[in-house]
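One letter stands for each residue in the lines below.
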Amino acid sequence: MNEKAVIIKVKGLEKKYPGSDALAINQLDMEISKGEIFGLLGPNGAGKTTTISILCGLMPSTEGTVVIDGLSLQSDKDRIKKLIGVVPQDIALYPTLTATENLMFFGQMAGVNTKTLRPRVAEYLKRFGLFERRNDRVGNFSGGMKRRVNLIAGLLHQPEILFLDEPTVGVDVHSRHMILESLNEFNRGGTTIVYTSHHLNEAENLCTRIGVIDHGHLIALGAPKSLMEEHSLSSLEELFLHLTGRHLRD
Ligand SMILES: Nc1ncnc2c1ncn2[C@@H]1O[C@H](COP(=O)(O)OP(=O)(O)OP(=O)(O)O)[C@@H](O)[C@H]1O
Ligand SMILES: [Mg+2]
């Protein structure tokens, strides 16, 4: 695998929501290489969900271009959809169905045949520590467990690129650890991962590169270590403070 091959290319991306005067994202340029774990980081309202929703084809941009694996998002959306998995910020599961039933449903929706899907659902439930609970209704699960099922749902068709919006928000240490471990494992298997977070510490360890976004502007882009070295700082939290004059949690 060529680690350096660009798999996502974003140029001049802008989004203005109808009825709003401000740009939710403003002239975003970035490239993500195959095999990366890329983190899009920023405070509430920075434009993370807007950006990732555009990249995975859930909503149109106002300006700019997105090319994924050599395909234009504008004209090749259907082919791109087969290459990508999407894990949204809001959990979208059927509470009255069991974990297995939910995943069989989402896997079939993603085009995986039942024969392949059944053992894969069991395997992924094991990987994410949920196998013992496979026949329980998702409505009775904790937030962290729901988030793990939500994540598996986006992975069942074994996408080349996985987009996740705040996969670790509001989960306990155990679930967070399991989610991050699994993302690392899928990444080692070749999956490119693009995820958003407002946990700078988490991204510092997990990501090959990050983009820091604030008020719709990309204010830093690079490997966490090089960004910190460049500014002689010892954490991404300090970097954010240095670049914006504010703490991220303001
Ligand atoms: N549907 C919408 N209509 C109008 N404005 C919107 C809409 N969705 C988001 N915005 C605005 O766009 C900006 C960016 O929002 P976005 O949801 O992308 O931020 P975010 O970084 O994901 O924040 P959070 O950390 O809270 O999830 C914010 O100012 C938000 O109010
Ligand atoms: Mg968001």
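What comes next is a walk through the structure. Quick caveat: nothing in here was measured; it's all calculated off a predicted structure.

## Quick notes on the pattern of salt bridges
Counted according to the given criterion, the structure contains 11 salt bridges. Among the ionic pairs, E160 bridges to K34, the shortest N-O distance being 3.3 Å. With E160 in the loop between helix 5 (143–153) and strand 7 (161–165) and K34 in the loop between strand 2 (25–33) and strand 3 (37–41), this pair connects stretches of sequence that are 126 residues apart. Given a relative accessible area of 23%, K34 falls into the partly exposed group. A salt bridge links R127 to E123; the nearest nitrogen and oxygen atoms lie 3.4 Å apart.

## Section: the coordination of the magnesium ion (ligand 2)
Surrounding the magnesium ion (ligand 2) are the protein donor atoms T49 (OG1) and Q89 (OE1), which sit 1.9 to 2.5 Å from the metal. Here the residue T49 occupies a position in helix 1 (residues 48–55), and Q89 occupies one in the loop between strand 6 (84–87) and helix 3 (99–109), the gap between them amounting to 40 residues.

## Some words on the packing of aromatic side chains
This model, assessed by the stated rule, comprises 5 aromatic pairs. Centre to centre, the rings of Y94 and F106 are 6.2 Å apart; their planes meet at 25°, and the pair counts as stacked. One end of the pair, Y94, is in the loop between strand 6 and helix 3; the other, F106, is in helix 3, with 12 residues separating them in the sequence. Taken together, a centroid distance of 5.3 Å and an interplanar angle of 75° make the contact between F105 and F106 edge-to-face. Exposure remark for F105: the relative accessible area of 31% places this residue in the partly exposed category. Put simply, the rings of Y94, F105 and F106 touch in pairs and so form one group of aromatic residues. For the cation-ring pair, K126 lies above F131, with the distance from its terminal atom to the ring centre recorded as 4.6 Å. Its end group placed over the ring of F131, R134 keeps NZ or CZ at 3.9 Å from the ring centre.

What counts and what doesn't
Residues numbered from 1 in each chain as written. Chains lettered and ligands numbered in written order. Predicted model: local features only at pLDDT ≥ 70, side-chain atom pairs only at ≥ 80, totals over all residues. Heavy atoms only, no water. Salt bridge = Lys/Arg side-chain N within 4 Å of Asp/Glu carboxyl O. Helix = DSSP H or I, 4+ residues; strand = E, 2+ residues; numbered from the N terminus. Buried < 20%, exposed > 50% of the residue type's maximum accessible area, 1.4 Å probe, protein only. Donors = N, O, S within 2.8 Å, 3.2 Å for Na, K, Ca; no water. Phe/Tyr/Trp six-rings, centres within 6.5 Å; stacked < 30°, edge-to-face > 60°. Lys NZ or Arg CZ within 6 Å of the ring centre and 35° of its normal.

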